[in-house]
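Structure at a glance
Given next are the chains, with one letter for each unit.
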Amino acid sequence: MTSENSFQHCPIGYMNTCYSTKNGTPRQPSVSSLSKGSLTIKKSIFNNPEHSIEGLAEFSHLWIIFVFHLNGHKSTKAKVKPPRLNGQKTGVFSTRTPHRPNAIGLTLAKIDSVEGDTIRLSGLDIVDGTPILDIKPYISVYDKPQIRPTTTQHLNMDGYFSNETNNFQDPRQHKSSETSIKTSDNSQKTVAASINETLNEVSPTTDAECHELSTDVESAEWIEKPPISDLTVLFTNRAEHNINNFQSSVRSEIEIKSEFMALTDWHLEHIEPCDLRGVITDILKADPRSTYRRNKCSDRLYYFTIDNAHVTAWFDDTVVPNYVEVVRVIPKKHVKSMPLS
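Report on the accompanying structure. (Residues numbered from 1 in each chain as written. Predicted model: local features only at pLDDT ≥ 70, side-chain atom pairs only at ≥ 80, totals over all residues. Heavy atoms only, no water.)

**Focus: the overall build of the chain**
Check the secondary structure of the chain and you find eight helices and 20 strands. Evaluated residue by residue, the chain yields a buried proportion of 35% over its 341 residues. A fraction of 66% describes how many contacts in the chain between residues 6 or more apart in sequence connect residues 24 or more apart. Accessible surface computed for the chain: about 20,600 Å², of which carbon and sulfur atoms make up 51%. (Helix = DSSP H or I, 4+ residues; strand = E, 2+ residues; numbered from the N terminus. Buried < 20%, exposed > 50% of the residue type's maximum accessible area, 1.4 Å probe, protein only. Contact = heavy atoms within 4.5 Å. Areas by Shrake-Rupley, 256 points an atom, 1.4 Å probe, with all protein chains shown as cover.)

Pasting the structure below:
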């Protein structure tokens, strides 16, 4: 590639999240709203990095542009197999695969707070340590597809919507524009005046013939109706007990003994202990396995980490509906020292 077609970018910071590995990291931000993390703007970018995010707290969400730095290989293919297609191929640019000609990702996250040079976020689908290229506030009036009427509509003198394209005439339109209605307090108002006063309270789909709307937003059928469905997530008694053992870092000074180790290691840095079970459920019900692992691999055990928790799960694809069972949830540092059974 020639220099004129090359671009160099310097990360504005590196994401700090509850996902330390690709395994188990959600593929989309909508998978789990409980996922937590933060982004600190580098001082090498601005002398006063906190100035760069001034005013950001006025927004609820932001776009994050990042690098898929853990792809593992640089080759890309024109057709890929998205996990939701369960082995079927489609064009790379009709998917959100990380394996792209330019390994750049885009995600939407909720802003929990802005503190100095740091933004605290939730609803993340980004691996810890991911280089962040840019952030932009989500602005609904710009970023949300606008709903528009399928035909030009006008409010006529009687207070009814007329349809300019098909000349729809409401059968009640022969009534005089001075036709009045009686309100709950027995006062008299013209139809047009009454409707104009309450226009914002009336659903535009009240009359399908003259209020039909279209968002002009469509998705591929395999997005709306994927060949794979959500899984049922179960927890063993042991896993439930493990989850209850986790303490937040704020309470980590509490000395509690168990048959294996002091529970001072059972703390979480990013997410609340009460949310741990929910995050595990969100991730597993969406089936985080690759297509190959789901269809070709005989090993049904699956490991991943959330925050300080190492999760062992077992998938059963022999029954319908398929389910996944969480076997144990222990601190990452105890993975080698604690037996599986």
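Read on for the rest.
**Notes on helix α6 (residues 237–245)**
When α6 is considered as a whole, its buried residues turn out to be Ala239, Asn242, Ile243 and Asn245. All buried residues of α6 lie within an arc of 155 degrees about the axis, which places them on one face of the element. Summarising the geometry of α6, the exposed residues directed more than 90 degrees from the buried face are Asn237 and Asn244. (Arc of directions from axis to C-beta.)

**Let's talk about the sheet that holds strand β8 (residues 131–137)**
Strand order in the closed barrel made by the six strands is β1-β2-β7-β6-β3-β8, with antiparallel pairing throughout. Shown here is a sheet whose adjacent strand axes are inclined to one another by a mean of 45 degrees, direction ignored. Bridge count for strand β3 (residues 61–67) against β8 is five bridges, and the pairing is antiparallel. Along β8, the bridge assignment pairs Trp63 with Lys136. (Pairing = 2+ DSSP bridges. Axes fitted to C-alpha atoms, helices over the stretch in contact; angles between N-to-C directions.)

**Things to note about the pattern of salt bridges**
A complete count under the given rule lists ten salt bridges for this structure. Put simply, Lys136 and Asp134 hold a salt bridge, and the shortest N to O gap is 3.2 Å. A residue is classified by how much of its surface remains accessible, and Lys136, at 42% relative accessible area, is partly exposed. Several salt bridges converge on common partners, so that one network encompasses Asp287, Arg289, Arg294, Arg300 and Asp317. (Salt bridge = Lys/Arg side-chain N within 4 Å of Asp/Glu carboxyl O.)

**Considerations on unusual backbone geometry**
Of note in this structure, Asp287 is not a glycine but carries a positive phi near 55 degrees. Along the chain, Asp287 turns up in the loop between α7 (276–285) and α8 (291–295). For Asp307, which is not glycine, the phi dihedral falls at a positive 60 degrees. On the secondary structure map, Asp307 appears in the loop between β18 (301–306) and β19 (309–316).

Treat this as a map of the structure, not an account of what it does.
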